[in-house]
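# Tertiary structure, described
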Amino acid sequence: MTDPFVPKGEPRPAPEQTCGYKTQGMTSECGRPATWHVMWDRVFDNSLTCDEHMALIQSRWVYDDRHHVVADCAMPGALWDYEEKRCVFPTEGSVAAVAAVVEVTV
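Residues numbered from 1 in each chain as written. Predicted model: local features only at pLDDT ≥ 70, side-chain atom pairs only at ≥ 80, totals over all residues. Heavy atoms only, no water.

Here the focus is unusual backbone geometry. Despite not being glycine, Ala74 has its phi angle at roughly 70°, a positive value. Taking the relative accessible area as the measure of exposure, Ala74 reaches 21% and is therefore partly exposed. (Buried < 20%, exposed > 50% of the residue type's maximum accessible area, 1.4 Å probe, protein only.)

Strand order in the open sheet formed by three strands is β2-β1-β3, with antiparallel pairing between adjacent strands. This sheet does not close on itself; its edge strands, each paired only once, are β2 (46-49) and β3 (65-68). The average angle at which neighbouring strand axes cross in this sheet is 20°, direction not considered. Bridge count between strand β1 (residues 36-39) and β2: four bridges; the pairing is antiparallel. By the bridge assignment, Val38 is partnered in β2 with Ser47. (Pairing = 2+ DSSP bridges. Helix = DSSP H or I, 4+ residues; strand = E, 2+ residues; numbered from the N terminus. Axes fitted to C-alpha atoms, helices over the stretch in contact; angles between N-to-C directions.)

A word on the side chain of Asp81. With respect to the helices and strands, Asp81 occurs in strand β4 (residues 79-81). The side chain of Asp81 sits in the buried core without any salt bridge; Arg86 is the nearest counter-charge, 6.4 Å away. In this structure the side chain of Asp81 is engaged in a polar contact, spanning 3.0 Å, whose partner is the backbone nitrogen of Glu84. (Lys, Arg positive; Asp, Glu negative; His and termini not counted. Salt bridge = Lys/Arg side-chain N within 4 Å of Asp/Glu carboxyl O. Polar contact = N/O pair within 3.5 Å; in protein donor to acceptor, adjacent residues only side chain to side chain.)

Structure follows, in structure tokens:
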């Protein structure tokens, strides 16, 4: 049986907004501009990917959520907003919204 969970690599420096797809044998990440931000699990492991590698992800692995890349993606301190399908800079309202989703699903 194939493992449904993506093999995770090393953390990348923020705020890179390039595709981080890299398999064994590749010397560096894809590096194309990222178009998708993928949340792998509720532990908040996430990554950025291009359209080509998003299609590969959808065909091979499970993930918790995804949204199109916006300016706040991969920025230090940004929050994943499940309801709005985007990353947001922390405000009192966005922190409360994220906390409510996490409490309900964890």
